[in-house]
Amino acid sequence: MDLSFVILVEILYAVASLVLISAGLAVVFGMMKVINLAHGEFMMMGGYVTITAVGLGVNVFVAMLVIAPLIVGLIGLVVERLVIRHLYGRLVDTMLATWGLSLVFIGLATMIFGNTTTGISTPIPGFAVGAYQINGYNFFIIVVSVLLVAGMYAVLRGTRAGLIARGAMQRADMAAALGYSPDRIYMATFFCGSALSGLAGAVLAPLVGLVPTSGGAYIAKAFITVIAGGPALIAGLVSSAASFGVVSQVFSFAVSPVIGEVALLVAAVILLRAMPQGITARLFKGKL
Amino acid sequence: MSLNRRELLGGAAALTTAGLLPRVALAADTIRLGSILDQSGPFDAYGKPMAMATQLAVAEINEAGGLLGREVEVVEYDTQSDMALYSQYAQQLTRQDRVDVVHGGILSASREAIRQTMRKSGTLYFYNVLYEGGVCDRNIFINGVTPAQQVEALVPYAMKNSGKKVYILAADYNYGQITARWIEKFVRDNGGDVVGTDFFPLDVSDFGSTIAKVQTAAPDLVIAPLVGGPHLSFFRQWAAAGMKDKIALASTTLGVGNEHKVLTPEEGNGIMCAYNYSQELDTPENAAFKTRWAEMFDGDQSMHEIAVSHYHGLHTWAEGVRQADSIAHDAVVEALETGISITGPGGKVTVDPQTHHAILDVHLMEMRDQKMAVMETLPQRAPIDTQAVCDLGANPDDNTQYEIEI
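Residues numbered from 1 in each chain as written. Chains lettered and ligands numbered in written order. Predicted model: local features only at pLDDT ≥ 70, side-chain atom pairs only at ≥ 80, totals over all residues. Heavy atoms only, no water.

## What to know about the overall build of chain A
(1) Moving on: When its secondary structure is counted, chain A shows twelve helices and two strands.
(2) Moving on: Beginning at the N terminus, the succession of helices and strands in chain A can be written as α-α-α-α-β-β-α-α-α-α-α-α-α-α.
(3) Moving on: In terms of overall dimensions, chain A is globule-like: its C-alpha atoms have a radius of gyration of 19 Å, near the 19 Å expected for 288 residues.
(4) Moving on: If one aligns the C-alpha atoms of chain A with their principal axes, the spans along those axes are about 65 × 45 × 35 Å.
(5) Moving on: The buried share of chain A, taken over its 288 residues, is 52%.
(6) Moving on: Within chain A, contacts between residues separated by at least 24 positions form 78% of all contacts whose residues are at least 6 apart in sequence.
(7) Moving on: Carbon and sulfur atoms form 73% of the exposed surface of chain A, whose accessible area is close to 12300 Å².
(8) Moving on: One finds the centroid of the 14 positive side-chain charges in chain A at a distance of 13 Å from the centroid of its 8 negative side-chain charges. (Helix = DSSP H or I, 4+ residues; strand = E, 2+ residues; numbered from the N terminus. Rg over C-alpha atoms; globule rule 2.2 N^0.38 Å. Buried < 20%, exposed > 50% of the residue type's maximum accessible area, 1.4 Å probe, protein only. Contact = heavy atoms within 4.5 Å. Areas by Shrake-Rupley, 256 points an atom, 1.4 Å probe, with all protein chains shown as cover. Lys, Arg positive; Asp, Glu negative; His and termini not counted. Charge placed at Lys NZ, Arg CZ, Asp CG, Glu CD.)

Right under this line is the structure:
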């Protein structure tokens, strides 16, 4: 009984962390069709911003939830103005440019922070469930990603800004004809996407040691999740994160962590074979 | 890197403009020591202090009058954590720079990339890093601790402090796999039980399900030969789950790159390990070493296990040259094979003639407030794993890395 609860929490946590890792990319790649190979580095920067801010005496939750997204969002804004905006619609060029960017960010982070692993300890203590101890921070991550999904849904569905953004992504010319500036909308959306990546990196930072190359560990999972999710932004994100999270954790528990990782990739291959356009191209059609 | 390039360009320019003669004359005056280390990229936390150790040891050798009345000159390459560069620079060291000895290599892969080049060209090679054991080659001398040397000491100590049921969490590549087998053997030899073993790819950083699984098995002790940055998160998540005071932890790798200074005291305190070196070793040699290091590098104190092994290796080589009274390859090897020993910051280090590995002290330690407190010292441990398969006296032409049957 205790064990099944622990397993349930771990599965929820795995799903939540996939949602978190992929949310920023879902906006930048899923909505804007910008293949951002520097996504992992945006997360890495979120982590470093948090650690630096905490080192300067800022409350850890403020650092994670406010400062990191804001600063990484601003960095994203600069990147968009200088690089990305010249490349909208040119897939291969954006890939090359963002890959180059990721190398630049890794280099800069190495110059500033050095190459040793750094980190902060988790701000929430662990607690006992019957005979088991579990990491209290897992619940925090679950809560953050639930709020994140709810927030994204509310903004995209409920607000005028969300409507305009979605409209401009589908028909930029039409949005322009109606008097909105697609250029501005793209800029704002990229800011939000980068901020979400920064938030993910910040929230995960206390759990994992951080090195300038940390971003590389997330990039594949983020792309797999977003691509398997398909065209619908939020439904796709949640449904594919849920499938992969469950698969990887069940196999981690039943066999070993190595097989858990392998199972995730095999599941992705099968899923994309069965639904080449992603889950939401077949199921949840027309959802957000 | 830019420095190296400038030196190379400078050298090339000198050769073409000033002609060959003066440089050859200069080369004959110094003993040339090739150094090949990752001073940038993911492994620089290991490589940078090793390069500093090279500088310090060579400065000490030169201050004491050099070797054979000649200065030692370092020819240094930064391999940038790139295996391809190892082969390239190894060729360069042997063919163009014509060095008398090469010290370097960090990962086992980098060692294997250089080893054959050195053997073929007859350049004496020193590899000075804690590794998985089993290399048997008369051209190489190895100064790092092997699994049996370390695990044989650590396992009984950790079991005495916790209990008989052990769970192993290891990195999923050759070091982790082999070390896990040694741990299993010594746990059984000490009357214990291995209740579970899990391997993790090097980029896994999420240990939640593992921590639950370990609790299901309810061991008394977890031994973790985990490697690298992502794996460091295990120790964080373990503490975050509140497990640290419930089940004891020991590791064969944590602290080698000064990881104990990264973990907070709450995360690190009480983790047991066993190495040849700790900054906290209370010996006159270590105190002097730390002072000299700080003087040379502006107050820096980043020396660690591997850097000190490297430092031992350099001095062992120098002692070999002194005793041989020659820099000729065979003479130095023969002198080293007489079982030369030096006393360094990690204690006495003796060359084992049978395997060309080191016989050295292993110190049992416990992490305390970001330091590695030395609890006990086991003097002069032999590399029994490699000795079981390798006898260079009987087979001087051997050239294999053995997988030791355990």
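## Structural notes on the overall build of chain B
(1) Moving on: Along its length, chain B carries 14 helices and 16 strands.
(2) Moving on: Taking 22 Å as the expected radius of gyration for a compact globule of 406 residues, we find that chain B reaches 22 Å, a close match to that expectation.
(3) Moving on: Seen through its principal axes, chain B has C-alpha atoms that stretch 75 × 45 × 40 Å.
(4) Moving on: Looking at chain B as a whole, 58% of its 406 residues are labelled buried.

## Here's the deal with the sheet that holds strand 4 (residues 124–127) of chain B
Residue and element names in this part refer to chain B.
(1) Moving on: In spatial order, the strands read 2-1-3-4-6; together these five strands make up an open sheet with parallel pairing. On the outer flanks of this sheet lie strand 2 (71–78) and strand 6 (140–142), each paired with one strand and no other. Taken over all neighbouring pairs, the strand axes of this sheet differ in orientation by 20° on average, direction set aside.
(2) Moving on: Taken together, the three bridges between strand 3 (residues 101–104) and strand 4 define a ladder with parallel strand orientation. (Pairing = 2+ DSSP bridges. Axes fitted to C-alpha atoms, helices over the stretch in contact; angles between N-to-C directions.)

## What about the pairing of strand 7 (residues 165–171) of chain B?
Residues and elements named next belong to chain B.
(1) Moving on: With respect to burial, strand 7 is a largely interior element, six of its seven residues being buried.
(2) Moving on: Inspection of the sheet shows strand 7 paired to strand 8 (residues 193–200) by seven bridges, in the parallel sense. Following the sheet pairing, alanine 171 is matched in strand 8 by phenylalanine 200.
(3) Moving on: In this region the chain leaves strand 7, passes through helix 7 (residues 174–189) and returns to the parallel neighbour strand 8; the handedness of that crossover is right-handed.
(4) Moving on: Note: strand 7 against strand 9 (residues 221–223), three bridges, orientation parallel. Residue valine 166 lies in a different strand from strand 9, and its bridge partner there is leucine 221. (Right-handed = clockwise from strand over helix to strand, strands pointing away.)

## Some details on the interface of chain A and chain B
(1) Moving on: Facing the 35 residues of chain A at the interface are 34 residues of chain B.
(2) Moving on: Summing both sides of the interface, chain A and chain B together bury roughly 2500 Å²; the carbon and sulfur share of this comes to 55%.
(3) Moving on: Of all residues in chain A, Asn115, Gln133 and Pro257 of chain A bury the most surface against chain B, accounting for 22% of the area lost on that side.
(4) Moving on: Here chain A is connected to chain B by zero salt bridges.
(5) Moving on: Applying the counting criterion to the chain A and chain B interface returns seven residue pairs in polar contact (both at pLDDT 80 or more).
(6) Moving on: Secondary structure elements with two or more residues in the side of chain A that touches chain B: helix 1 (2–31), strand 2 (132–134), helix 10 (233–254) and helix 11 (257–274) of chain A.
(7) Moving on: If you tally residues by element for the side of chain A that touches chain B, the top one is helix 1 of chain A, at four residues.
(8) Moving on: A class-by-class count of the residues in the side of chain A that touches chain B yields 18 nonpolar, 15 polar and two charged. (Buried area = accessible area lost by both parts, 1.4 Å probe. Salt bridge = Lys/Arg side-chain N within 4 Å of Asp/Glu carboxyl O. Polar contact = N/O pair within 3.5 Å; in protein donor to acceptor, adjacent residues only side chain to side chain. Nonpolar A, V, L, I, M, F, W, Y, C, P; charged D, E, K, R; others polar.)

## Comments concerning the side chain of threonine 179 of chain B
Residue and element names in this part refer to chain B.
(1) Moving on: With respect to the element layout, threonine 179 can be found in helix 7.
(2) Moving on: By relative accessible area, which is 0% here, threonine 179 ends up buried.
(3) Moving on: Of the polar contacts made by the side chain of threonine 179, one reaches the backbone oxygen of tyrosine 175; its length is 2.6 Å.

These figures capture arrangement, not role.
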